[in-house]
Amino acid sequence: MQVVEFPLTSASVGSFRVHTISESDRARTSAPGLRAFVKIADRLGLNGTERIAILGHPARSTYYRWIKKSYKYQPLTLPLDTLLRISAMLGIYSSLSTLFEDEAQAKLWFEGPHQGPIFLSRSPMQCILDGGLDGLMTVRRYLDAWCSGNLGSGGQGNSFVSVTEHDLLFV
């Protein structure tokens, strides 16, 4: 897989760098990423079945072998799909930590049903479980947009509501 890195400055518009995700990149990030995923899953109270589903349904024995290797600091190279799923969960948890004052509020939001067009009365967790990698990325994008001040779009008449200074509360 290749990743394109775009410059952040206007001086270098039009130039970009392509980086291939190599097996050594995957080997370097697999164990730490998996350990972080386990800690996040613990904090969100995810059971084993949910964890395995989020990681793309590896065999239960494979999942536990990965966990064992990661905690024993043994060589581990996860599939790219699994690393993408871990990355999405890291992003989701980071956004939840930004948006909510305490973990209980974040967990309540994550587990509760929502009326937004992407959730359709389901919880974000259910959206993830039902949608696989696409569900993970949908929830991540939703939270990223919320963190950047966009409360939503796609409502009636494709309405868009952005956060204003009156929406912010400092305590």
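About the criteria used
Residues numbered from 1 in each chain as written. Predicted model: local features only at pLDDT ≥ 70, side-chain atom pairs only at ≥ 80, totals over all residues. Heavy atoms only, no water. Core = buried A, V, L, I, M, F, W, Y, C linked by side-chain atoms within 4.5 Å. Buried < 20%, exposed > 50% of the residue type's maximum accessible area, 1.4 Å probe, protein only. Helix = DSSP H or I, 4+ residues; strand = E, 2+ residues; numbered from the N terminus. Contact = heavy atoms within 4.5 Å. Axes fitted to C-alpha atoms, helices over the stretch in contact; angles between N-to-C directions. Parallel < 35°, antiparallel > 145°, perpendicular 65-115°, else oblique. Left-handed = near helix turned anticlockwise from the far one by under 90°. Nonpolar A, V, L, I, M, F, W, Y, C, P; charged D, E, K, R; others polar. Salt bridge = Lys/Arg side-chain N within 4 Å of Asp/Glu carboxyl O. Polar contact = N/O pair within 3.5 Å; in protein donor to acceptor, adjacent residues only side chain to side chain. Phe/Tyr/Trp six-rings, centres within 6.5 Å; stacked < 30°, edge-to-face > 60°.

Trainee: Any chance you could break down the nonpolar core for me, citing the residues and the numbers?
Mentor: Membership of the largest hydrophobic core comes to 34 residues, with the highest contact counts inside it found for Leu34, Phe37, Met89, Ile92 and Phe110. Elements with a minimum of two residues in this core: helix H1 (23-44), helix H2 (48-54), helix H3 (60-71), helix H4 (80-99), helix H5 (103-111) and helix H6 (124-147). Residues in contact with Phe37, not counting those within four places in the same chain, are Arg51, Ile54, Leu55, Tyr63, Ile86 and Met89.

Trainee: So what's going on with the packing of H1 against H4? Residues and values would help.
Mentor: Two packed helices can be described by the angle between their axes and the distance between those axes. Between H1 and H4, the least distance of the axes is 9 Å, while the angle of their chain directions is 45°. Of the possible angle classes, the one that applies to H1 and H4 is oblique. Seen along the crossing, H1 lies across H4 with a hand that is left-handed. Between H1 and H4, the contacting residues are Arg26, Thr29, Ser30, Gly33, Leu34, Ala36, Phe37, Ile40, Arg43 and Leu44 on the first element and Leu80, Leu83, Ile86, Met89, Leu90 and Tyr93 on the second. Split by residue class, the contact of H1 with H4 holds 11 nonpolar, 3 polar and 2 charged.

Trainee: Could you give me a rundown of the pattern of salt bridges, with the residues and numbers involved?
Mentor: Across all of its chains, the model carries 7 salt bridges by this definition. One salt bridge in this structure joins Asp25 and Arg28, with 3.3 Å as the shortest N-O distance. Highlighted residues: Asp25 and Arg28, both in helix H1, separated by 3 residues, approximately one helical turn. Residue Asp81 pairs with Arg85 through a salt bridge whose shortest N-O separation is 2.8 Å. Taken together, the positions of Asp81 and Arg85, both in helix H4 and 4 residues apart, correspond to about one turn of that helix.

Trainee: Tell me about the environment of Thr29, and name the residues and values.
Mentor: Within the fold, Thr29 resides in helix H1. Given the relative accessible area of 32%, Thr29 is considered partly exposed. A polar contact of 2.9 Å, which involves the side chain of Thr29, links it to the backbone oxygen of Asp25.

Trainee: Break down the packing of H1 against H3 for me, citing the residues and quoting the values.
Mentor: Relative orientation of the contacting elements H1 and H3 amounts to 110°, with a least axis distance of 9 Å. With respect to each other, H1 and H3 are oriented roughly perpendicular. Every residue of H3 that contacts H1 at Ala31, Leu34, Arg35, Phe37, Val38 and Lys39 is listed here: Tyr63, Trp66, Ile67, Ser70 and Tyr71. In terms of residue class, the contact of H1 with H3 is built from 8 nonpolar, 1 polar and 2 charged.

Trainee: Tell me about the packing of aromatic side chains, and name the residues and values.
Mentor: All told, the structure shown has 8 aromatic pairs when counted by the stated rule. Note on Tyr63 and Tyr64: the rings are 4.9 Å apart at their centroids and 75° apart in plane angle, and the pair reads as edge-to-face. On the accessibility criterion, Tyr63 (2% relative accessible area) is buried. On the accessibility criterion, Tyr64 (42% relative accessible area) is partly exposed. When the ring of Phe100 is compared with that of Trp146, the centres are 5.7 Å apart and the planes differ by 90°; the resulting orientation is edge-to-face. Pair noted here: Phe100 is in the loop between H4 and H5 and Trp146 is in helix H6, with a separation of 46 residues, a long-range link. These aromatic residues form a ring-pair network of at least three members: Phe100, Trp109, Phe119, Tyr142 and Trp146.

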